[in-house]
Amino acid sequence: MTLYVDTGGAAGYLHSRYNPKAELDRWWAEQEPELKSGAILIGMGLGYPLQKLRNHLDSEGMLLVIEPSLEIFRCALQTLDLREELADPRIAFSVEESLSHSGIKAERILSDLFYDVSVLVWPAYRRIFASFCNDMEARILEEANDIRMDQRTLLLFSHDWTRNFIYNLPALVKRPGINLLFDQFVKQPIIIVSAGPSLNKNVHLLHQAKEKAVIICVDTALRVLLKQGILPDLVVALDGSEKNYQHFAGIEERGIPLVIFPTTHYKIVAEYGGNGFSVAGSTEYVIHEFLECVEAKGGVSYGGSVATAAFDLACRMGGDPIVFIGQDLAYPDGRSHAAGTIFENIQKEFDASKGMKFVEGIDGRPVLTDRPLDYFRRWFEDQIELRRGERKFIDATEGGAKIRGTEISTLSQVVETYCQKSIGVSEKIAQILHSYQPPDLTQLRSRLKKSIRNLYQLGRLSRMAIEYNSRLREVYQVRKIKPKKASVYVEKLDRIDKLIQTLNQSRLIDLLLQQVLLVVTKGKLSEEPPGENQIQKAIRVTENGRILYSGIWEASRRVRDYLEKALNELADEGEEFR
């Protein structure tokens, strides 16, 4: 069976009028060799390619079906019995949704399976829905590039993040959660201050908005506001790099409420985090099991930059309108940041090899940007699209890239329209902070002690594994191999591997192991070279094992030291655990 479709711009049959099964088999023969654990299918037709894909999907695989036409989807349901496909938890559908909505769903499957995702297009859709297919494939490619960028970031900062997560744990659990601010400023204006070059045009106007709008400042912009004598209502600090700490270095602690994350550089928390809120969802890397020991702090979504975190916080606080200033997301006149920030002297020039390009500016003219900034722009656009109709979003940056879904304005117009009466911002936030009662930490301390003991055991086991692995390698390097001797060491290593998995159920060391695991699973030693014999393979595997066990030993030692420091900070008076 087939269906004739006429979109007004293109028309044709979804399937062969003569032999749909043969057509499906030919298409499948082209796709199957390249099929991976997961798949994104653009265009399901009357359901034939969907059923074919489902029959070949791994038990742990995932499938996203993107269908641009609701009418075609309805016809498919009337043509084939797709109840099993609709009920399959491995399969998600995006039917007649915007590019943003479909892109967000594609990002989820790409993130979960990383590189192991195939993108398939049913051939008829390339003719009938050509523009949609091209745009969707481009969007998926953008999402895949963004995920690769995120993975590189994870590898680059895995050590810093692990340290920050654990060093910040005492402050995270003792401070009030950010969820206490949720819905506290419903229908009230919230201004998000970022550090783009255009901030210098209108930052002085924030004096007029003080107490008449919530002013949320990203850490990068703090120096600019303080130089103007403006104390923001909240400062959001997300990044865990030493460079981010420099935004605060030398600044007098003014009691401005600081919003901290597990990722925040630990020096910022230690030196400037005495007053403020914690963001700590239940699924945070490394420390999630410890956060379960205290009340929920609340989480926010973010797309890789501190400004995206501030945006989601503003939404959860109930802000309306939500106003951007300093959110250039571009390099107007080659400048990267506002004057007064630590990055004020950075200049940018077009370089296509570095992912730089031109996008539409708020004035309609092209403006220079790069891949990370453009990713943040698309993140904002997606989030605004998801909230369309809920509230108003205003871009009062007065420069930079255009953010689709925002109303373009000046900050003076915003102040005149929305900031005419006091809403008691600082008093309300101070009251929330003052009334908070810190939690009982007994269970948390007990959990930390248990984890430290497990990490001692992990270190001991990994050292034993290094020794047995070395002996096994020696067995394979002699001329006359003794199989029984080799099997003894193999059995010992198998038992140790199982014990390591049991002890690492909380995955405390996983983040630190990312680089090691990448080497072990994707490096040269993971690949079998041509002509390799069994002895050579065994030696290669033991060398890979040495890298893995050494990585486990180093990670368990380092995380254990971090946990002992955190535990001592959480200890009762006079008690110490080292």
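Just so it is clear, the model here is predicted, and its values are computed rather than measured.

Peer 1: So what's going on with the overall build of the protein? Which residues, and what values?
Peer 2: Counting its regular elements, the protein contains 22 helices and 16 strands. Seen through its C-alpha atoms, the protein measures out along the principal axes to roughly 85 × 80 × 45 Å. Burial statistics for the protein: of 578 residues in total, 52% are counted as buried. The long-range fraction of contacts in the protein, counting pairs at least 24 apart against all pairs at least 6 apart in sequence, stands at 72%. Of the roughly 27400 Å² of accessible surface on the protein, a fraction of 49% belongs to carbon and sulfur atoms. Charge-centre separation for the protein: the mean point of 74 positive side chains lies 6 Å from the mean point of 78 negative side chains.

Peer 1: Break down the sheet that holds strand β12 (residues 322-325) for me, with residues and values.
Peer 2: Taken in spatial order, the 8 strands make up an open sheet running β11-β10-β9-β8-β7-β12-β15-β16, and their pairing is parallel. The strands lining the two open edges of the sheet, one partner per strand, are β11 (276-278) and β16 (407-408). Sheet topology note: the strand β7 (residues 190-193)/strand β8 (residues 214-218) ladder contains 4 bridges and is parallel. Note on β8: the bridge partner recorded for Val 193 is Cys 217.

Peer 1: Break down the side chain of Ser 409 for me, with residues and values.
Peer 2: Relative to the helices and strands, Ser 409 is located in the loop between β16 and α17 (411-418). At a separation of 3.0 Å, a polar atom in the side chain of Ser 409 contacts the side chain of Gln 413.

Peer 1: Summarise unusual backbone geometry; cite the residues concerned and give the values.
Peer 2: Of note, the bond from Asp 320 into Pro 321 is cis; its omega dihedral lies within 30 degrees of zero at 0°. On the secondary structure map, Pro 321 appears in the loop between α15 (306-316) and β12. The phi dihedral of Glu 96 is positive, around 50°, even though this residue is not glycine. Judged by its relative accessible area of 48%, Glu 96 is partly exposed. In this model, Lys 187 sits at a positive phi of 65°, which is unusual for a non-glycine residue. Inspection of the secondary structure puts Lys 187 in the loop between α8 (169-174) and β7. Relative accessible area serves as the criterion here: at 56%, Lys 187 is assigned to the exposed category.

Peer 1: Provide a residue-level description of the nonpolar core, including the pertinent values.
Peer 2: Within soluble globular proteins, side chains that are nonpolar generally end up buried alongside one another. Formed by 135 residues in total, the largest nonpolar core has its most connected members in Val 193, Leu 206, Ile 216, Phe 311 and Leu 313. Of the residues forming this core, the biggest block, 11 residues, is contributed by helix α19 (residues 442-477). Not counting residues up to four positions away in its chain, the partners in contact with Val 193 are Leu 199, Leu 206, Ile 215, Ile 216, Cys 217, Val 218, Ala 221, Leu 225 and Ile 325.

Peer 1: If you had to explain the pattern of salt bridges to someone new, which residues and values would you point to?
Peer 2: Counted by the stated rule, this structure contains 38 salt bridges. For the salt bridge of Glu 137 with Arg 126, the shortest nitrogen-to-oxygen distance reads 2.8 Å. Taken as a pair, Glu 137 in helix α7 (residues 130-167) and Arg 126 in helix α6 (residues 123-128) lie far apart in primary sequence, 11 residues in all. According to the relative accessible area criterion, Arg 126 is partly exposed, its value standing at 41%. Salt-bridge contacts for Arg 377 lead to Glu 381; the nearest nitrogen and oxygen are separated by 2.9 Å. Within this pair, Arg 377 and its partner Glu 381 are both found in helix α16 (residues 371-386), separated by 4 residues, close to a single helical turn. In this structure Arg 377 comes out as buried when scored by relative accessible area, which is 14%. Owing to a relative accessible area of 5%, Glu 381 belongs among the buried residues under this scheme. Through salt bridges with shared partners, one network takes in Lys 357, Asp 374, Arg 377, Arg 378, Glu 381 and Arg 404.

Peer 1: Just give me the short version of the sheet that holds strand β5 (residues 91-95), but keep the residues and values in it.
Peer 2: Within a beta sheet, neighbouring strands are joined by backbone hydrogen bonds and run either parallel or antiparallel to one another. Strand order in the open sheet formed by 4 strands is β5-β4-β3-β6, and the pairing between neighbours is parallel. Edge strands, defined here as strands with exactly one partner in the open sheet, are β5 and β6 (117-121). Adjacent strand axes in the sheet meet at a mean angle of 15° when their direction is disregarded. Alignment of strand β3 (residues 38-42) against strand β4 (residues 62-67), held across 5 bridges, turns out to be parallel. Along β4, the bridge assignment pairs Ile 42 with Ile 66.

Peer 1: Account for the pairing of β3, naming residues and giving values.
Peer 2: A large share of β3 lies buried, amounting to 5 of its 5 residues. On β3, burial covers both faces: Gly 38, Ile 40 and Ile 42 on one face and Ala 39 and Leu 41 on the other are all buried. This β-α-β element, β3 to helix α2 (residues 48-55) to β4, shows right-handed connectivity.

Peer 1: An account of the packing of aromatic side chains is needed here, citing residue identities and associated values.
Peer 2: If you walk through the whole model with that rule in mind, you get 18 aromatic pairs. Summarising the aromatic geometry, the rings of Tyr 4 and Tyr 13 are spaced 5.0 Å apart at their centres and angled 65° between planes, so their arrangement reads as edge-to-face. Classification of Tyr 4 by relative accessible area gives partly exposed; the value is 48%. A ring pair is formed by Phe 261 and Tyr 302, whose centres lie 5.6 Å apart and whose planes are at 85°; its orientation type is edge-to-face. Taken together, the residues Phe 261 in the loop between β10 (258-260) and α13 (266-272) and Tyr 302 in the loop between α14 (288-291) and α15 connect sequence positions 41 residues apart. Among the aromatic residues, those joined into a ring-pair cluster are Phe 311, Phe 324, Trp 379, Phe 380 and Phe 393.

Peer 1: Tell me about the side chain of Arg 54, and please be specific about residues and values.
Peer 2: Along the chain, the position of Arg 54 falls in helix α2. Look past the residues within four positions of Arg 54 in its chain and what remains in contact with it is Glu 84, Glu 85, Asp 88, Arg 90 and Ile 91.

Peer 1: Run through empty space enclosed by the protein, naming residues and quoting values.
Peer 2: On inspection of all chains with the given rule, the structure shows 2 cavities of 30 Å³ or more. In this structure, the largest cavity occupies an estimated 100 Å³ of space. In this structure, the largest cavity is lined by Leu 222, Leu 226, Val 235, Phe 248, Ile 251, Glu 252, Glu 253, Arg 254, Gly 255, Ile 256, Leu 258 and Tyr 272. Residues belonging to the lining of the largest cavity are distributed by class as follows: 8 nonpolar, 1 polar and 3 charged. Within this model, the second largest cavity holds a volume of roughly 30 Å³.

Peer 1: Got a sec to walk through the environment of Trp 379? Specific residues and values, please.
Peer 2: Mapped onto the elements, Trp 379 comes out in helix α16. The spacing of Trp 379 and Val 65 is 314 residues in sequence and 22 Å in space, taken between C-alpha atoms. Not counting residues up to four positions away in its chain, the partners in contact with Trp 379 are Ser 301, Tyr 302, Gly 303, Thr 308 and Phe 311.

Peer 1: Explain the pairing of strand β14 (residues 366-369) to me, and be specific about the residues and the numbers.
Peer 2: Here strand β13 (residues 357-360) runs beside β14; their pairing, made up of 4 bridges, is antiparallel. Bridged to Phe 358 within β14 is Leu 368. Linkage of β13 to β14, two consecutive antiparallel strands, is achieved through a turn of 5 residues, within which Gly 364 is found at a positive phi near 90°.

Rules behind the numbers
Residues numbered from 1 in each chain as written. Predicted model: local features only at pLDDT ≥ 70, side-chain atom pairs only at ≥ 80, totals over all residues. Heavy atoms only, no water. Helix = DSSP H or I, 4+ residues; strand = E, 2+ residues; numbered from the N terminus. Buried < 20%, exposed > 50% of the residue type's maximum accessible area, 1.4 Å probe, protein only. Contact = heavy atoms within 4.5 Å. Areas by Shrake-Rupley, 256 points an atom, 1.4 Å probe, with all protein chains shown as cover. Lys, Arg positive; Asp, Glu negative; His and termini not counted. Charge placed at Lys NZ, Arg CZ, Asp CG, Glu CD. Pairing = 2+ DSSP bridges. Polar contact = N/O pair within 3.5 Å; in protein donor to acceptor, adjacent residues only side chain to side chain. Core = buried A, V, L, I, M, F, W, Y, C linked by side-chain atoms within 4.5 Å. Salt bridge = Lys/Arg side-chain N within 4 Å of Asp/Glu carboxyl O. Axes fitted to C-alpha atoms, helices over the stretch in contact; angles between N-to-C directions. Right-handed = clockwise from strand over helix to strand, strands pointing away. Phe/Tyr/Trp six-rings, centres within 6.5 Å; stacked < 30°, edge-to-face > 60°. 1 Å grid on protein atoms, 1.4 Å probe; cavity = no way out; pocket = protein on both sides within 12 Å on 5 of 7 lines; lining within 4 Å. Points joined across faces, edges and corners; volume = space filled by probe spheres on them. Nonpolar A, V, L, I, M, F, W, Y, C, P; charged D, E, K, R; others polar.

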